[in-house]
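Listed here are the chains, written in short residue letters.
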Amino acid sequence: MQELKCEAGNDELLRAMKVIEELSPYWALIGIKVEDVGKDCAIGSVEIGRKHLQVLDTVHGGGVHAALVDAMAWVAVISHYYPRYVIAVTTDLTVKYLKPIAEGGVLKAVARVIHVREPIVLITAELMNRSNDW
């Protein structure tokens, strides 16, 4: 299995995002972790536990999938402007669910900035499991 990495990784920004992990009660509740960040790119994950499941024993899509995508999209926007800080808010989020993920798995997201026309930034994100299967 190939490790996911952003091109032109930014260790300084990754350290800052690790502080955000600790300071964000919502990220802590969901278990969102930033694994890598580089120019226009962010990779994050959530280790799936019982608290993430809905009644059919698969991950709650709107709660966990969307939260991880939204968080990594924000980190990707921050990476685009870094070291300048900007305030970024989500205006539209669409998630397409292709495969269920069960307890004990890992949900990963790779978010990339694909177009900037201020004040709007368009981001694409892909979700995958521990084996990097889409």
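Provided above is the structure to which this section pertains.
So, here's what we can say about the structure. (Residues numbered from 1 in each chain as written. Predicted model: local features only at pLDDT ≥ 70, side-chain atom pairs only at ≥ 80, totals over all residues. Heavy atoms only, no water.)

## Examining the overall build of the chain
We count it as follows: The way it works is that DSSP assigns letters per residue, a run of H or I at least four long becomes a helix, a run of E at least two long becomes a strand, and they are numbered from the N terminus. Only C-alpha atoms enter the radius of gyration, while the globule expectation follows 2.2 Å times N to the 0.38, with N the number of residues. Partly exposed residues are those whose accessible area sits between 20% and 50% of the maximum for their type, while under 20% is buried and over 50% is exposed, using a 1.4 Å probe and protein chains only. Two residues form a contact once any of their heavy atoms are found within 4.5 Å. For every accessible area listed, the method is Shrake-Rupley and the probe measures 1.4 Å; residues are considered covered only by the protein chains on display. Only four residue types enter the tally: Lys and Arg on the positive side, Asp and Glu on the negative side, with His and both chain ends excluded. Every charge is mapped to an atom, namely NZ of Lys, CZ of Arg, CG of Asp or CD of Glu.
Broken down by element type, the chain carries 3 helices and 4 strands. Taken from the N to the C terminus, the helices and strands of the chain come in the order α-α-β-β-α-β-β. Taken against the 2.2 N^0.38 rule, which gives 14 Å for 134 residues, the C-alpha radius of gyration of the chain at 14 Å falls within 12% of a compact globule. Of all 134 residues assigned to the chain, the portion counted as buried reaches 43%. Taking all contacts inside the chain whose residues are at least 6 apart in sequence as the whole, residues at least 24 apart take part in 61%. Surface accessibility of the chain: about 8200 Å² in total, with carbon and sulfur atoms responsible for 55%. Of the charged side chains in the chain, 14 are positive and 17 negative; the average position of the first set lies 1 Å away from that of the second.

## Some details on the sheet that holds strand S1 (residues 33-38)
Hydrogen bonding along the main chain pairs the strands of a sheet, whether they run parallel or antiparallel. Where we set the bar: By this definition, two strands are paired if DSSP reports at least two bridges between them. Only the stretch in contact is used when fitting a helix axis, every axis being a line fitted to C-alpha atoms; angles between N-to-C directions are given from 0 to 180 degrees.
Spatial ordering of the open sheet is given by S1-S2-S3-S4, a layout of 4 strands whose pairing is antiparallel. With one partner strand each, in any of the chains shown, S1 and strand S4 (120-128) form the two edges of the open sheet. The sheet shows a mean angle of 20° between the axes of neighbouring strands, direction not considered. Looking at chain direction, strand S3 (residues 106-117) and S4 are connected through 9 bridges and run antiparallel. Note that in S4 the partner of Arg 112 across the bridge is Thr 124. Contacting S1, strand S2 (41-47), S3 and S4, helix H3 (residues 61-81) runs over the sheet at an angle of about 45° to S3.

## Examining helix H1 (residues 11-23)
The condition that has to hold: By definition here, a helix of n residues has an expected span of 1.5 Å times n minus one. Comment: arc refers to directions from the helix axis out to C-beta atoms. Polar contact is defined as a pair of N or O atoms within 3.5 Å, subject to the rule that within protein one atom must be able to donate a hydrogen and the other to accept it, and that residues adjacent in sequence are counted only when both atoms are side-chain atoms.
For H1, with 13 residues, the first-to-last C-alpha span of 19 Å sits near the 18 Å given by 1.5 Å per residue. Those residues of H1 not exposed but buried are Leu 13, Leu 14, Met 17 and Glu 21. In a view along the axis of H1, the buried residues occupy a sector of 100°, so they form one face of it. Exposed and oriented more than 90 degrees from the buried face of H1 are Arg 15, Glu 22 and Leu 23. If you follow the buried residues of H1, they end up packed against helix H2 (25-30), S1 and H3. Where H1 starts, the residue carrying a side-chain oxygen 3.1 Å from the main-chain nitrogen of Glu 12 turns out to be Asn 10.

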